[in-house]
Each structure stands twice: as structure tokens, then as C-alpha cells.
Amino acid sequence: ATDVCGNKSSKNQVITVEDKTAPELSTAPANITVSCEAIPTAAILTATDNCDSAPVVTYAEVRTNGACANSYTLTRTW
């Protein structure tokens, strides 16, 4: 603001934006037990986020061997 004598004053507002909300993943398939010829392909999960219009979903699969060669657990993580 400036008055008729040229005196000025101003105020500032600082807005700090923080993203503290994790993205939400779509539902992962339920845990199942299958035979070796019936292992499903990995599902494609999507995500939504309040600040990011295109969050990236990463995928990893870990095999844990069981008692014999054809007995194992696959742990899929998105």
C-alpha cells in the first residue's frame, strides 16, 4: 500500500506445500495356493495420489524355495 506522501508498507504470506500422504494402490490379488502349471501372471496395480497425477508403481517378485524343486513360494510386492 502507498499513501499520497509515498509512504509504503507491505505484508507477505508464505505458503509451504508438503506431500505427506502416501499413494493408494489398487487392490492386490488374494493369497492363493496353486500347482506349478497354474501360476497366475502378475497383476498390474495402479495407484492414485493427492499430489502426483501419475505415481509410478514398481513390482518385484522373490522366490523362496521349499522342501523340493517344485515346491516354492513367490512373494510379489508392488
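Provided above is the structure to which this section pertains.
What this report covers is the structure whose coordinates are included nearby. (Residues numbered from 1 in each chain as written. Predicted model: local features only at pLDDT ≥ 70, side-chain atom pairs only at ≥ 80, totals over all residues. Heavy atoms only, no water.)

Observations regarding the overall build of the protein
Here is step 1 of the chain: Looking only at helices and strands, the protein features zero helices and four strands.
Here is step 2 of the chain: From first element to last, N terminus to C terminus, the protein shows the α and β order β-β-β-β.
Here is step 3 of the chain: In summary, the protein has a C-alpha radius of gyration of 27 Å against a globular reference of 12 Å for 78 residues, an excess of more than 25%.
Here is step 4 of the chain: Projected onto its principal axes, the C-alpha positions of the protein cover 90 × 20 × 15 Å.
Here is step 5 of the chain: For the protein, with 78 residues in total, the buried portion stands at 5%.
Here is step 6 of the chain: Sequence-distant contacts, at least 24 apart, represent 32% of the contacts inside the protein between residues at least 6 apart.
Here is step 7 of the chain: Of the accessible surface of the protein, which amounts to about 7,000 Å², a share of 52% is contributed by carbon and sulfur atoms. (Helix = DSSP H or I, 4+ residues; strand = E, 2+ residues; numbered from the N terminus. Rg over C-alpha atoms; globule rule 2.2 N^0.38 Å. Buried < 20%, exposed > 50% of the residue type's maximum accessible area, 1.4 Å probe, protein only. Contact = heavy atoms within 4.5 Å. Areas by Shrake-Rupley, 256 points an atom, 1.4 Å probe, with all protein chains shown as cover.)

Considering a nonpolar patch on the surface
Here is step 1 of the chain: A cluster of nonpolar side chains, contributed by Ile-32, Val-34 and Ile-39, occupies part of the molecular surface with about 250 Å² of accessible area.
Here is step 2 of the chain: Topologically, Val-34 is positioned in the loop between strand S1 (24-25) and strand S2 (47-48). (Patch = residues over 30% accessible without salt bridge, like charges linked within 9 Å, V, L, I, M, F, W, Y side chains within 5 Å. Salt bridge = Lys/Arg side-chain N within 4 Å of Asp/Glu carboxyl O.)

Some details on the environment of Ala-47
Here is step 1 of the chain: Secondary-structure assignment places Ala-47 in strand S2.
Here is step 2 of the chain: The buried category is assigned to Ala-47, whose relative accessible area is 19%.
Here is step 3 of the chain: Note: C-alpha distance between Ala-47 and Asn-31 (16 residues apart in sequence) is 20 Å.
Here is step 4 of the chain: Once you skip the residues sitting within four places of it in the chain, Ala-47 turns out to touch Pro-23, Glu-24, Leu-25, Pro-55 and Val-57.

Focus on the pattern of salt bridges
Here is step 1 of the chain: Scanning the model with the defined rule gives two salt bridges in all.
Here is step 2 of the chain: In this structure, Arg-76 engages Glu-61 in a salt bridge whose closest nitrogen and oxygen atoms are separated by 2.6 Å. Remark: Glu-61 occurs in strand S3 (residues 60-65) and Arg-76 occurs in strand S4 (residues 72-77); sequence separation between them is 15 residues.
Here is step 3 of the chain: A residue is classified by how much of its surface remains accessible, and Glu-61, at 39% relative accessible area, is partly exposed.

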